[in-house]
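Geometric and topological summary
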Amino acid sequence: MRRGVGRVEVLFLVDGEGRILWSDASGSPVALPDSRARWEAIWQHREALAEIVHSHPVGPLAFSSEDEATMEALSSALGRAPLFSVVAPGGMVRRVAGVDVRVEEEPWWAALLRQASGMGL
Ligand SMILES: [Zn+2]
């Protein structure tokens, strides 16, 4: 079996209370292509939106260059930078004020995101 089969990247929009506002998934373990529906959801939830998290089900535990471009575009469109996070099999990293911080105490939805991404299959 090829590495990553059955795994997909999943994205959650989360509010300040830890509620999941919206989610979507790609058909791939290594990409989450831009989607109009996601942009519309982000815009629709822009007041409540606190964090945008997505999974890297086959790693790495880091933001990709595509992620960097997306974060820049989103922050510019929103006029502020929400928290951005990546959840990978080995942990979670969150960008706080431009610095990537390893999250030791993961929010409850990190486990759900791993499950939805097929990690552990
Ligand atoms: Zn990514």
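One structure accompanies this document, and this report is about it. Because the structure is predicted, anything quoted here is derived from the model rather than measured. (Residues numbered from 1 in each chain as written. Predicted model: local features only at pLDDT ≥ 70, side-chain atom pairs only at ≥ 80, totals over all residues. Heavy atoms only, no water.)

Pairing within the open sheet is mixed, and its six strands lie in the order S2-S1-S3-S4-S5-S6. Each edge of the open sheet carries a strand with a single partner, namely strand S2 (20–25) and strand S6 (99–102). Taken over all neighbouring pairs, the strand axes of this sheet differ in orientation by 20 degrees on average, direction set aside. In the packing of helix H1 (residues 36–44) onto the sheet, contacts are made with strand S1 (10–15), S2 and strand S3 (49–55), and the angle to S2 comes to roughly 170 degrees. (Pairing = 2+ DSSP bridges. Helix = DSSP H or I, 4+ residues; strand = E, 2+ residues; numbered from the N terminus. Axes fitted to C-alpha atoms, helices over the stretch in contact; angles between N-to-C directions. Contact = heavy atoms within 4.5 Å.)

As a further point, take unusual backbone geometry. Looking along the chain, the bond that leaves Gly 59 and enters Pro 60 is cis, with omega of -5 degrees. Within the secondary structure, Pro 60 sits in the loop between S3 and helix H2 (65–78). In this model, Ala 97 sits at a positive phi of 50 degrees, which is unusual for a non-glycine residue. Here Ala 97 is to be found in the loop between strand S5 (91–96) and S6. Judged by relative accessible area, Ala 97 falls into the exposed class, the value being 79%. (Buried < 20%, exposed > 50% of the residue type's maximum accessible area, 1.4 Å probe, protein only.)

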